[in-house]
Amino acid sequence: EDQVTQSPEALRLQEGESSSLNCSYTVSGLRGLFWYRQDPGKGPEFLFTLYSAGEEKEKERLKATLTKKESFLHITAPKPEDSATYLCAVRTHNNAGNMLTFGGGTRLMVKP
Amino acid sequence: KAGVTQTPRYLIKTRGQQVTLSCSPISGHRSVSWYQQTPGQGLQFLFEYFSETQRNKGNFPGRFSGRQFSNSRSEMNVSTLELGDSALYLCASTAQEITGELFFGEGSRLTVL
């Protein structure tokens, strides 16, 4: 059974204090790892796709990386507007079509 | 370009009733997926439709069902509601046949009393 675990569950940062969120996975044949951002009362919003170990993607203050066992979402000099829940998800050989298995999420709070 | 639209946004039902939720995907998107989100279980996959065919079904009881129409709009139905069905039900669409880049609606929040 595919498993995705995110840590920490919650993270409080001061504005400008860089940190990393972790997504570890145990799956049968990874076909892609995806990061999403979810604001309260909204649906998740797609951020990044990573397919192979060593791959990196960047967008503004966010950088996602992938190894064979985990992915990191690095947040550099965060701002209060970066506060949200960050979700990672995987597509695997077990999942046909567009089915994703999500982790529990990390709730990020950035204080000014 | 309009996003994914879900109706109703909020609804309250009592145990034993049934409910139908609707999802209008982004124009041109043929894949529609449904997810249940709860504080305890997080986001869990319910089912996915592509061009009116169910391609995947998650580990939910048969009380949960869905369908997709020829215009790609989708509905999901939950019969004989239980307290544990209280959740945010999210619909997502994509134009791609195989992808993890999904566009989510804002969800339908169901409360079962």
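Calculation rules
The residue numbering used here restarts from 1 in each chain and proceeds along that chain's sequence as written. Labels follow written order: the first chain is A, the first ligand is 1, and so on. Whole-chain, interface and lining totals are the exception, using all residues; otherwise, since this is a predicted model, local features are given only for residues with pLDDT of at least 70 and side-chain atom pairs are given and counted only at 80 or more. Calculated side-chain values reflect all of the structure's heavy atoms, with hydrogen atoms and water omitted. Starting at the N terminus, helices and strands are each numbered in turn, a helix being any DSSP run of H or I of at least four residues and a strand any DSSP run of E of at least two. Two N or O atoms count as a polar contact when they lie within 3.5 Å, although within protein this holds only if one can serve as hydrogen donor and the other as acceptor, and sequence-adjacent residues are included solely when both atoms are side-chain atoms. Any two residues whose heavy atoms approach within 4.5 Å at even a single point are treated as in contact. A pair of strands is considered paired only if DSSP assigns at least 2 bridges between the two. Cysteine sulfur atoms are paired as a disulfide whenever they come within 2.5 Å of each other. Throughout this description, buried means an accessible area under 20% of the type-specific maximum (1.4 Å probe, protein chains only), exposed means over 50%, and partly exposed covers the range between.

### Concerning the side chain of Thr38 of chain B
Residues and elements named next belong to chain B. Secondary-structure assignment places Thr38 in strand S4 (residues 31-38). In this structure the side chain of Thr38 is engaged in a polar contact, spanning 3.1 Å, whose partner is the backbone nitrogen of Gln41. Discounting residues that sit within four places of it in the chain, Thr38 has contacts with Ser86 and Ala87.

### Some words on the pairing of strand S3 (residues 19-24) of chain B
Look at any regular strand and the pattern is simple: side chains alternate between the two faces of the sheet. All names here are of chain B. As defined by bridge partners, strand S1 (residues 5-7) adjoins S3 across 3 bridges and the pair is classed as antiparallel. Among the inter-strand pairings, Thr7 is bridged to a residue of S3, identified as Ser22. Examined bridge by bridge, S3 and strand S8 (residues 74-78) share 5 bridges and lie antiparallel to one another. By the bridge assignment, Leu21 is partnered in S8 with Met76.

### Description of the state of the cysteines
Across all of its chains, the model carries 2 disulfides over all chains by this definition. The side chain of Cys23 of chain A participates in a disulfide bridge whose partner is Cys88 of chain A; the two sulfur atoms lie 1.9 Å from each other. Taking the sign of the S-S torsion, about 75 degrees here, the bridge from Cys23 of chain A to Cys88 of chain A comes out right-handed. In this pair, Cys23 of chain A is assigned in strand S3 (residues 19-26) and Cys88 of chain A in strand S9 (residues 84-92), connecting sequence segments 65 residues apart. Its relative accessible area of 0% is what places Cys88 of chain A among the buried residues. With a sulfur-sulfur separation of 1.8 Å, Cys23 of chain B is cross-linked through a disulfide to Cys91 of chain B. The sign of the S-S torsion, about -60 degrees, decides the handedness of the disulfide formed by Cys23 of chain B and Cys91 of chain B: left-handed. Remark: Cys91 of chain B occurs in strand S9 (residues 87-94) and Cys23 of chain B occurs in strand S3; sequence separation between them is 68 residues.

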